[in-house]
Amino acid sequence: MRTQEQLRAIRAAGADVAATLKPPLYRTVDEQGTRRLYTARYRPAEGHVTYYWPGESWQQPFGDFAPGSRTAALSRAD
């Protein structure tokens, strides 16, 4: 399921979160019906994780993680 293509894209993106929110990594629905709707950057040294969607992010500390939810508007895949 495009594993090699995605691995190359991840390596090319490096620390560039914006690049991970574009195809082939970010997609609402592909031909196999799979989705990847967000990405996350874990920062162990700083003690937090940040979840990213196009146009939005949500940071959570490891030591005081607050359960919650987000609503994201999805568009049709091209």
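As a reminder, the structure under discussion sits directly above these lines.
Residues numbered from 1 in each chain as written. Predicted model: local features only at pLDDT ≥ 70, side-chain atom pairs only at ≥ 80, totals over all residues. Heavy atoms only, no water.

Student: Looking at this structure, how should I read the layout of surface pockets?
Tutor: Vacant regions in the atomic arrangement are exposed by a probe of water-molecule size rolled over the atoms. There is about 170 Å³ of room inside the second largest pocket. Surrounding the second largest pocket, 11 residues form its lining, Ile10, Gly14, Thr20, Thr39 and Ala40 being those nearest its centre. Counting only elements with at least two residues in the lining of the second largest pocket, the list comes to α2 (17-20) and β1 (39-43). Class assignment of the residues belonging to the lining of the second largest pocket gives a composition of 6 nonpolar, 3 polar and 2 charged. (1 Å grid on protein atoms, 1.4 Å probe; cavity = no way out; pocket = protein on both sides within 12 Å on 5 of 7 lines; lining within 4 Å. Points joined across faces, edges and corners; volume = space filled by probe spheres on them. Helix = DSSP H or I, 4+ residues; strand = E, 2+ residues; numbered from the N terminus. Nonpolar A, V, L, I, M, F, W, Y, C, P; charged D, E, K, R; others polar.)

Student: Any chance you could explain the pattern of salt bridges here in plain terms?
Tutor: It is possible for side chains bearing opposite charge to pair when their charged atoms get close. Under the definition given, this model contains 2 salt bridges. Linking glutamate 46 and arginine 43 is a salt bridge whose minimum nitrogen-to-oxygen distance equals 3.3 Å. A relative accessible area of 31% means that arginine 43 is categorised as partly exposed. Where arginine 70 meets glutamate 56, a salt bridge forms, and the shortest distance between an N and an O atom there is 3.3 Å. Taken together, the positions of arginine 70 in the segment after β3 (56-61) and glutamate 56 in strand β3 put the pair 14 residues apart, joining distant regions of the chain. Assessed through its relative accessible area of 39%, arginine 70 is described here as partly exposed. Glutamate 56 sits in the partly exposed class, given a relative accessible area of 30%. (Salt bridge = Lys/Arg side-chain N within 4 Å of Asp/Glu carboxyl O. Buried < 20%, exposed > 50% of the residue type's maximum accessible area, 1.4 Å probe, protein only.)

Student: Would you mind showing me how to read the packing of aromatic side chains here?
Tutor: Both the distance between ring centres and the angle between the ring planes are used here to describe each pair of aromatic rings. On inspection of all chains with the given rule, the structure shows 3 aromatic pairs. A ring pair is formed by tyrosine 38 and tyrosine 51, whose centres lie 6.0 Å apart and whose planes are at 70°; its orientation type is edge-to-face. Of the two residues, tyrosine 38 is situated in the loop between α2 and β1 and tyrosine 51 in strand β2 (residues 48-53); the sequence distance between them amounts to 13 residues. Here tyrosine 38 falls in the partly exposed class, since its relative accessible area comes to 44%. Judged by relative accessible area, tyrosine 51 falls into the buried class, the value being 15%. Chaining the aromatic ring pairs together yields one cluster made of Tyr38, Tyr51, Trp53 and Trp58. (Phe/Tyr/Trp six-rings, centres within 6.5 Å; stacked < 30°, edge-to-face > 60°.)

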